[in-house]
Amino acid sequence: MYKRQELKNIVEEYFKSSEYKIVDLLLSNENGAKILEIFADNIEGIKIDDLVSINRELNEIVDTKLETSDVSKLIVSSPGAERSFRYLWQLRKHIERVLEIELNDGEKIEGKLISVEEIPAEIIFLEITKKEKSKKATIETRTLNFKDIKESRVKISFSNKK
């Protein structure tokens, strides 16, 4: 019997006393091997040495707390650029970067993150450049409620332009 909830509780308990937060937790099955992937982060970011340490500690805890190891492989990593932001605090370290956002209603937006505010509501401010044919580009500021965002991530750019 797979002890999914017990495993989740162990991981959540570990992170309660940590400076890092769980951004995502995925359980998968790959060629019969059960893999637990934990994506962790904090407002300052997460260092590779910390990931290694968390991985080692969690492996030991899971091995001792579960009667039989239902996990063949445990992986702890940072969310990476391809994962959508799940928490408002994750956006703080990306101010001045261009975001690609999809709203719950399907609208897609691209703009530079100007600021993030938690009070009175969780909102973000974007600078959006609008360019129409044969007209000068205009910049508009747009305010978005974080709860209205379905997906958001930093736009990866390989040019030297800012």
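The following refers to the structure shown. (Residues numbered from 1 in each chain as written. Predicted model: local features only at pLDDT ≥ 70, side-chain atom pairs only at ≥ 80, totals over all residues. Heavy atoms only, no water.)

**Some thoughts on the sheet that holds strand 8 (residues 149-154)**
One open sheet holds the five strands; their spatial order is 7-6-5-4-8, and the pairing between them is antiparallel. The open sheet has two free edges, formed respectively by strand 7 (138-145) and strand 8, since each of these has just one partner strand. This sheet shows a mean twist of 40° between the axes of neighbouring strands, independent of strand direction. Two elements, strand 6 (residues 123-130) and strand 7, share eight bridges in a ladder whose sense is antiparallel. (Pairing = 2+ DSSP bridges. Helix = DSSP H or I, 4+ residues; strand = E, 2+ residues; numbered from the N terminus. Axes fitted to C-alpha atoms, helices over the stretch in contact; angles between N-to-C directions.)

**Description of the environment of A40**
Mapped onto the elements, A40 comes out in strand 2 (residues 33-41). Taking the relative accessible area as the measure of exposure, A40 reaches 0% and is therefore buried. As a C-alpha pair, A40 and S78 span 38 residues in sequence and 5.3 Å in three-dimensional space. Apart from residues lying up to four places away in sequence, A40 is in contact with F15, Y20, K21, V23, I46, S77, S78 and P79. (Buried < 20%, exposed > 50% of the residue type's maximum accessible area, 1.4 Å probe, protein only. Contact = heavy atoms within 4.5 Å.)

**Observations regarding the pattern of salt bridges**
All told, the structure shown has 13 salt bridges when counted by the stated rule. Two residues, R86 and D24, come together in a salt bridge whose shortest N-O distance is 2.9 Å. Here R86, found in the loop between strand 3 (73-77) and helix 3 (88-91), pairs with D24, found in strand 1 (residues 21-30); they are 62 residues apart in sequence, far enough to count as distant. Note on R86: relative accessible area 42%, which makes it partly exposed. (Salt bridge = Lys/Arg side-chain N within 4 Å of Asp/Glu carboxyl O.)

**Some points on the nonpolar core**
With 20 residues, the main nonpolar core has F15, L36, I38, I54, L58 and L74 as its most contacted residues. If you tally residues by element for this core, the top one is helix 1 (residues 4-16), at five residues. Each residue touching I54, except ones within four places of it in the same chain, is listed here: Y14, F15, Y20, I46 and V76. Counting 16 residues, the second largest nonpolar core, distinct from the first, contains L88, I101, L126 and V154. (Core = buried A, V, L, I, M, F, W, Y, C linked by side-chain atoms within 4.5 Å.)

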